[in-house]
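Spelled out from the first residue to the last, the chains are:
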Amino acid sequence: MARPRSSYVCQQCGHAALAWSGRCPGCGEWNSLVETRPEPARRGRSAGAAASRPIALRDVEAPAVDRLLTGVAELDRVLGGGLVPGSLVLLGGSPGIGKSTLTGMALGNLGAAGHRVLYVSGKESAAQVKLRAERLGEAALGVPALAETSLEAVLAVLEAERPAACVVDSVQTLHAEGMSGAPGSVGQVREAAAAIMEVAKRIGSAVILVGHVTKEGAVAGPRVLEHLVDCVLLFEGERERSYRTLRALKNRFGATSEVGVFEMRSGGLVEVADPSARFVGEASDAPGSCVLSAMEGTRPLLVEVQALVAPTEIVPPRRVTNGIDRNRLAMVLAVLARHGGPSLASADVFVSVAGGVRVDEPGADLPVALAIASAHRGEPLAGPGRRPLACFGEVGLTGELRHVAHPERRVGEALKFGLAPVLGPEAGERIEGLTAVPSLRAAISLVAGRGAKLRDAA
Ligand code: TYD
Ligand code: MG
C-alpha cells in the first residue's frame, strides 16, 4: 500500500508545502514548517458519503432558532443576541485576560437557566477549574467539567452528553490521536476544530472554543480557524488594569461593531453598562488630557486620551502609544508640525487611552492632537467649570478636520455628562452643543485661550 504522503504545514499561516524548506513559501517565516502526516482513515472521511443534491434557497427549511442567552448581557450583545445553537465561536485573548472566567460565568448562567452545559478544560485540572468557579458563585459551581486533552475523548463526551452549550478551554490543548504535531500546531488545531464543528452541528450544540493570542495579536495557530468558525471574539485589555473589552472580529449572526466592556473584580467579570460614566469620572483637567467622544459599534463611548511630551536627546525620539495605533500618532504629529501645532522632533511623545481601552477609529485624531498640544504647552484644555474638553474628528493630511460617523450621537453622549461645547468637524446639519471647526489649526487656536474662548463660541 502506498504510504500517505506527508505535507509540511507552516505553523504561522497554514501554508501546506510538499517538501520541507527552511522558509515558508507562503508567509516567509523561518523554521515554521512542520511535517504533518495525514491518517489514511481520516482522509477517507467523506469517501462513503452519498452525493447530496442542491436545493433552491426558497425551499430550504430554516426553522427560527431560539438563541441561548448567556445571562452575561455584554457577551450576548456582542454575539448579536446570544449563542446560536449549533454554532462555533472562537474566543481569543492573551493569557490571564479572563477568557476562562467569562466562559465559566456564561456556562454557569446557562446551567442555572436549565440548559445542559459542559466545560472541557485542557489546561487546568478539574480542581483548578473549581477554584475559579468558587470565586464566581453558586451557578458556576453547578457546571459539569471535564479535564481532557484527547480530541476523541472530548468528541465522545459531546455525543453522549449533548450539551446545549459547551466550552473548550482551550482548543490549542487538544490532541488528535494518530496525528503528528504537538497540541496547538496548525494541523492539530484545525483537526480539532473541524471535528468539534461536525459534532456540534449534528447535535445542535453551541460551542465556544477558547484560543490564546500570540504577541502579534493573531489568535495563535487558529488564524486558520477564523474562516471555519461562525464567530470570532477578541477579549482585550491590559492585565494589570481592570477594564476589558470584548469585540467581534467576525460574526455570521450579528454585527461586528458591538463592543462589550467589563471590569475584572474579585467575584468575576462585572459588566460595565455605562462605561462613559466611568471613564469621564476619571478624566482630569490636567494638561495633556482630553476626552474623546468615540463610537464603539452602535454605542457612543467617552474615553480619556492622555499625552505626555518630554524633551529628549535620543534620536529618533520615542513615540509610545497605548490604546491607539502608533502609525496614526506619527501622522498626527506630522500634521501638527505643519499645521499650527508644535514641532516635536526633539521630544518623546507618549499617548495613552486611559483605562486600558483600545480605540480603533479615525475620530481619535483630534483629541490626540489637542492632548499633545496641551501637554506641550503645559496648559490644560479644560473648559468652563474646569470640565474636561470633549472632541472628535479625523485629521486629514492637509490639516483639515474630516467628518466621522454619527456626530450627533457623539455630541449627545458628551452633553449627557455635562461636557459642552464639543469640538468636532462640520456636520452638514446643526447639532446642538457642537462647536464645528474646519481645521486642526482652527481647533488649536480655539483651545489656546482655554475656557474663555470656548465659552464664547458655545
Ligand atoms: P482567567 O479567566 O483564568 O484568564 P484566562 O483564561 O484568559 O487566561 O483569569 C484571569 C485573571 O483574573 C486571573 O489572574 C485571576 C483574575 N480573577 C479575578 O480577578 N477575579 C475573579 O473572580 C476571577 C475568577 C479571576
Ligand atoms: Mg484560561
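Read on for a plain summary of the structure. What you see is a predicted model; the values in this text were computed from it and never measured. (Residues numbered from 1 in each chain as written. Chains lettered and ligands numbered in written order. Predicted model: local features only at pLDDT ≥ 70, side-chain atom pairs only at ≥ 80, totals over all residues. Heavy atoms only, no water.)

## Re the sheet that holds strand β7 (residues 165-169)
Pairing is mixed in the open sheet, where 9 strands are placed in the order β6-β5-β7-β8-β4-β9-β10-β11-β12. The sheet is open, and its two edges are formed by β6 (145-147) and β12 (268-271), each paired on a single side. Strand-to-strand twist of the sheet, defined as the mean angle between neighbouring strand axes without regard to direction, takes the value 25°. Bridge analysis of strand β5 (residues 117-121) against β7 gives 5 bridges, and the strand direction is parallel. (Pairing = 2+ DSSP bridges. Helix = DSSP H or I, 4+ residues; strand = E, 2+ residues; numbered from the N terminus. Axes fitted to C-alpha atoms, helices over the stretch in contact; angles between N-to-C directions.)

## Concerning a nonpolar patch on the surface
Among the surface-exposed residues, Ile-55, Leu-57 and Val-60 lie close enough to one another that they form a single nonpolar patch of about 330 Å² accessible area. Checked against the element boundaries, Val-60 lands in the loop between α1 (40-43) and α2 (73-79). (Patch = residues over 30% accessible without salt bridge, like charges linked within 9 Å, V, L, I, M, F, W, Y side chains within 5 Å. Areas by Shrake-Rupley, 256 points an atom, 1.4 Å probe, with all protein chains shown as cover. Salt bridge = Lys/Arg side-chain N within 4 Å of Asp/Glu carboxyl O.)

## Section: the packing of aromatic side chains
As enumerated under the stated definition, the model contains 2 aromatic pairs in all. With centroids separated by 5.8 Å and ring planes inclined at 90°, the aromatic side chains of Phe-235 and Phe-262 adopt a geometry described as edge-to-face. Here Phe-262 lies in strand β11 (residues 259-265) and Phe-235 lies in strand β9 (residues 231-237), a separation of 27 residues in the sequence. Neither Phe-235 nor Phe-262 differs from the other in exposure class; each is buried. Taking 4.8 Å as the distance between ring centres and 70° as the angle between the ring planes, the aromatic pair formed by Tyr-243 and Phe-279 counts as edge-to-face. Taken as a pair, Tyr-243 in strand β10 (residues 243-251) and Phe-279 in helix α8 (residues 275-282) lie far apart in primary sequence, 36 residues in all. (Phe/Tyr/Trp six-rings, centres within 6.5 Å; stacked < 30°, edge-to-face > 60°. Buried < 20%, exposed > 50% of the residue type's maximum accessible area, 1.4 Å probe, protein only.)

## Quick word on the site of ligand 1
Neighbouring ligand 1 are 16 residues; Gly-96, Ser-100, Thr-101, Arg-265 and Gly-268 lie closest to it. With respect to ligand 1, the side chain of Ser-100 contributes an N or O atom lying 2.6 Å from an oxygen atom. One nitrogen or oxygen atom from the main chain of Arg-265 is found 2.6 Å from a nitrogen atom belonging to ligand 1. Coverage of ligand 1 by the protein amounts to 76% of the 560 Å² it exposes when considered alone. (Near = heavy atom within 4 Å. Polar contact = N/O pair within 3.5 Å; in protein donor to acceptor, adjacent residues only side chain to side chain.)

## Description of unusual backbone geometry
As a rule of thumb, non-glycine residues mostly have phi less than zero, and peptide bonds are mostly trans rather than cis. Cis rather than trans, the peptide bond between Asp-169 and Ser-170 has omega equal to 0°. If you trace the backbone, Ser-170 turns up in the loop between β7 and α7 (186-203). Of note, the amide linkage connecting Ala-420 to Pro-421 takes the cis form, showing an omega dihedral of -5°. Within the secondary structure, Pro-421 sits in the loop between α11 (407-416) and β20 (422-424). In this structure, Arg-162 takes a positive phi of about 45° despite not being glycine. Relative to the elements of secondary structure, Arg-162 occurs in the loop between α6 (151-161) and β7. In the Ramachandran plot, His-406 falls in the positive-phi region, its phi being about 55° despite a non-glycine side chain. By the secondary structure assignment, His-406 is in the loop between β19 (401-402) and α11.

## Concerning the sheet that holds strand β15 (residues 319-322)
Taken in spatial order, the 7 strands of this open sheet run β15-β16-β14-β13-β17-β20-β21, and their pairing is mixed. For this open sheet the edge positions go to β15 and β21 (434-436), each flanked by a neighbour on one side alone. In this structure, strand β17 (residues 390-391) lies alongside β20, joined through 2 bridges in parallel fashion. Within β20, the position partnered with Cys-391 by the bridge is Leu-423.

## What to know about the pattern of salt bridges
Within the structure shown, the criterion is met by 21 salt bridges. Lys-201 is the salt-bridge partner of Asp-230, the closest N and O atoms lying 3.3 Å from each other. Here the residue Asp-230 occupies a position in the loop between β8 (206-212) and β9, and Lys-201 occupies one in helix α7, the gap between them amounting to 29 residues. Owing to a relative accessible area of 44%, Lys-201 belongs among the partly exposed residues under this scheme. A salt bridge links Glu-379 to Arg-377; its shortest N-O distance comes to 3.4 Å. Judged by relative accessible area, which is 27%, Glu-379 ranks as partly exposed. Note on Arg-377: relative accessible area 31%, which makes it partly exposed. Linked by salt bridges that have partners in common, Glu-159, Glu-198 and Arg-202 make up one network.

## A word on the environment of Ala-427
Within the secondary structure, Ala-427 is located in the loop between β20 and β21. Looking at Ala-427, the relative accessible area reads 17%, which means it is buried. Along the backbone, Ala-427 and Ala-147 are 280 residues apart, and their C-alpha atoms lie at a distance of 56 Å. The residues touching Ala-427, leaving out its near neighbours within four places in the chain, are His-403, Pro-407 and Leu-434. (Contact = heavy atoms within 4.5 Å.)

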